[in-house]
Each structure stands twice: as structure tokens, then as C-alpha cells.
Amino acid sequence: MSTFALAFGTATKNRDQKIIEAFFPHPLLNPSDDLVAVIAALVGYEKGNQVIEIKCELAEQLAAAFNGAAETANADFATAAAKSTQALVLVVLEKDEAPSNVAEGYLKLQLISHRLVKPHAVILDGIFGVLHNIAWTNKGAIDLPELADRQIEARLKGETISVDCVDKFPKMVDYIVPSGVRIADTSRVRLGAHVGEGTTVMHEGFINFNAGTTGVSMVEGRISAGVMVGEGSDIGGGASIMGTLSGGGKMVISIGENSLLGANAGLGIPLGSRCTIESGLYVTAGSKVKLLDKEGKEAGFAKARELANKNDLLFRRNSMTGQIECLVNKSAVELNSMLHSN
């Protein structure tokens, strides 16, 4: 039976010896049956989704198994891990199911950020209940109930623990820096974001987990959880895309290729390709939209949800009447190539 994913990495434990985060530098999607069989014999894995703690002396045998399967990067990591004092874990996911523990959740988030799978391609149901609120510090991940004691210990040594944030999701770049991207403020891209090759995320841009871009894009606004933005599209400064965690209902919001969400605009429907929403205009599913034909004459009205995923549309607000209007978009979006030479 084929295996969905396999990963070897390190873990951070709290004082109760519970894993609070895990790092997998080279996760494998659909690993070979031969590799899984060899590793299973080494670690005692039989079936199902399982997290197995690995002793350092076993890491060298794992390195040999990875080498035998031509998984050189994992072999090199396992060789180095054999000398580590950090907790080591192996995660085997036979099936893509809702994560049942921290290590499984972190593996799935890293599969997305490694671009091995796209958002919505893996099951993340219940991940908020699985992950811990963690203090992410210059001394690594610290479980919140332990933070005050750790800060006092550090002060008594003349040191300071700097807390970057308190969150269930760390910043992506502490785990993965995908090739060909530029991120001005790394704290604004969460682990589990899918940042496509050629994407630029400016200082106020934000990409949540299970969301992101497929390729070259400019992100100066917010890409909420569950949202995917197509190749060549631009999310303007201060713009907002309604996510699937709250407010977006069950409709999956997305943006097609070569589209523009103008500065301070908002989107609550799936937008097609070569579309534009003018600056400052928020289009929700229930917005009443006046339709205009090619000559600019009224052609009826529609709810915005009826225009979902349709291509070549321009949404604007009539400055005299305040009415949202929709007509054929005659100007395609073209990103500045100089800004995307990542």
C-alpha cells in the first residue's frame, strides 16, 4: 500500500516531554514502497499514521536507508542528526487524514510551504485544536506556561529572551525559504503558506497558512487562509481577501491569473482571470452589481456571486451614484518585471 508522506526531523518538547513543534527539512511526498519498508523494519512501524521518536544511534541507520533510496538530502541530515542532542522524530502518514498531533500538523504545513502540495490539497481539519500557542523567541519555541520561568532564568544569567510573537503558527522562513521569492517582512508569512516562484511580498503584505500564490505575483495586501492567487496577479496595498476561516462561509475564494485587486479594495467572491477591482471597492457575494454592455449601457443587475470565476471583468463604483458596476475589462494587468527579478 502506498504511503502519503514520510519525514524525518527534529522536535521541541516542553517540560512534560510533549512535542510543541517539529522541523522537517526534506519531507517526502509519496515515498517509494521500498524505502518505507526498509525504514519500517528499522523503527518498528507497521501501519497507519504514526509519529515515532528516534534515538540518535538509529539516525545513522536511517541515513543508510535514505542513501539506498537515493534520498541524499535526507541521508545527509540523518547523518548530522546522529550527533545532535535535540529530540528526533519520524512521521509516517499512510493516509491523508486530519492531523491528530502536533508533529503531523507541522509536517502538513511544511508540505505546503515546500510547494510539494498546494493549499486545499491536504486535510487540515482541526489543526487549530491540535497546535499549541507558542512563544516564538530568539531562544526558539517556548511553551507559554514555561515562558515566565524561562525569562527569569535568562535574566539571572544577564540574558534576555526576546519574544517575536505568540501564535500557533510560526513564520514560514524559520522553517523554509522557498526559491525565487522576496519577503520584506518575514513575520507576515505564516508556516503553511504557499509562496510561488517569483512572488514578492511587500512590508504590509500578508499570507496566511493554507493560502498563497501559484507563481509571479505582487502581494501588498492580505491573502487570508484558504485563498489562492494565480500567476501574474497583483494584490494592492491594504487590499483584503475574505478567507474561509471566518466571514467567507463555505465558498472558496480565489483569484485567477493577471488580475488586480486595487489598493484598499476587498474581495468576497472567487475572481476569474484578467479581472480588476478598482481601489477602495469591496465586492462581497451579496453585493448588487449593475451590469454594463460593451457600449456602457445598462444590461441588468446581478448578485456578485453570480459573476464568480468569470473572466475579463472590471468592477468599479460609480462616483455619482455609488452603484457597483461591472463591465468588460479592457486593460490587462502586467506586473513590472524589474520588481520581480527575485
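Summary of the structure given here. In this text, all values refer to a predicted model and were calculated from it rather than measured experimentally. (Residues numbered from 1 in each chain as written. Predicted model: local features only at pLDDT ≥ 70, side-chain atom pairs only at ≥ 80, totals over all residues. Heavy atoms only, no water.)

1. As for the nonpolar core
Step number 1: In this structure, Ile223, Ile241, Leu261, Leu267, Ile277 and Phe315 are the most contacted members of the largest nonpolar core, which totals 35 residues.
Step number 2: Of all the elements in the fold, those that place two or more residues in this core are strand E26 (313-317) and strand E27 (324-328).
Step number 3: In this structure, leucine 261 is in contact with Asp234, Ile235, Gly236, Ala239, Ser240, Ile241, Ile255, Gly266, Leu267 and Ile277, ignoring residues within four places of it in sequence.
Step number 4: Of all hydrophobic cores here, the second largest spans 33 residues; its members include Ala5, Ala22, Val117 and Ala141. (Core = buried A, V, L, I, M, F, W, Y, C linked by side-chain atoms within 4.5 Å. Buried < 20%, exposed > 50% of the residue type's maximum accessible area, 1.4 Å probe, protein only. Helix = DSSP H or I, 4+ residues; strand = E, 2+ residues; numbered from the N terminus. Contact = heavy atoms within 4.5 Å.)

2. Focus: the sheet that holds strand E13 (residues 211-213)
Step number 1: Reading across from one edge, E10-E13-E16-E19 is the order of the four strands in this open sheet, with parallel pairing throughout. Looking along the sheet, the strands with just one partner apiece sit at the ends: strand E10 (193-194) and strand E19 (254-255).
Step number 2: Taken together, the two bridges between E10 and E13 define a ladder with parallel strand orientation. Within the sheet, the bridge partner assigned to alanine 193 lies in E13 and is alanine 211. (Pairing = 2+ DSSP bridges.)

3. A closer look at the layout of surface pockets
Step number 1: There is about 360 Å³ of room inside the largest pocket.
Step number 2: Together, 19 residues line the largest pocket, and Trp136, Pro170, Lys171, Asp174 and Tyr175 are the ones closest to its centre.
Step number 3: Top element by residues in the lining of the largest pocket is strand E8 (residues 163-167). It accounts for three residues.
Step number 4: Of the residues that constitute the lining of the largest pocket, the class distribution is nine nonpolar, four polar and six charged. (1 Å grid on protein atoms, 1.4 Å probe; cavity = no way out; pocket = protein on both sides within 12 Å on 5 of 7 lines; lining within 4 Å. Points joined across faces, edges and corners; volume = space filled by probe spheres on them. Nonpolar A, V, L, I, M, F, W, Y, C, P; charged D, E, K, R; others polar.)

4. Some points on helix H3 (residues 72-81)
Step number 1: Those residues of H3 that fall on the buried side of the exposure criterion are Asn74, Ala75, Phe77, Ala78 and Ala81. Relative to the axis of H3, the buried residues are bounded by an arc of 165° and lie together on one face.
Step number 2: Those residues of H3 that are buried are in contact with strand E1 (5-13), strand E3 (28-29), helix H2 (56-68) and strand E5 (87-93). (Arc of directions from axis to C-beta.)

5. What about the pattern of salt bridges?
Step number 1: Enumeration according to the criterion identifies ten salt bridges in this entry.
Step number 2: A salt bridge links arginine 274 to aspartate 312, with the nearest nitrogen and oxygen atoms 2.7 Å apart. Note that arginine 274 is positioned in the loop between strand E21 (266-267) and strand E22 (276-277) and aspartate 312 in the loop between strand E25 (298-303) and E26, a separation of 38 residues in sequence.
Step number 3: When its relative accessible area of 33% is taken as the criterion, arginine 274 is described as partly exposed.
Step number 4: Ionic pairing is found between glutamate 325 and arginine 316, a salt bridge with its closest N-O pair at 2.9 Å.
Step number 5: The exposure class assigned to arginine 316 is partly exposed, which follows from its relative accessible area of 30%. (Salt bridge = Lys/Arg side-chain N within 4 Å of Asp/Glu carboxyl O.)

6. Details of the packing of aromatic side chains
Step number 1: Overall, the coordinates contain six aromatic pairs when judged by the stated rule.
Step number 2: Summarising the aromatic geometry, the rings of phenylalanine 128 and phenylalanine 169 are spaced 5.4 Å apart at their centres and angled 65° between planes, so their arrangement reads as edge-to-face. Placement of phenylalanine 128 in helix H5 (residues 127-130) and of phenylalanine 169 in the loop between E8 and strand E9 (182-183) is noted, with a sequence separation of 41 residues between them.
Step number 3: The buried category is assigned to phenylalanine 169, whose relative accessible area is 1%.
Step number 4: Aromatic ring contacts, followed pair by pair, group Phe23, Tyr106 and Tyr175 into a single cluster. (Phe/Tyr/Trp six-rings, centres within 6.5 Å; stacked < 30°, edge-to-face > 60°.)

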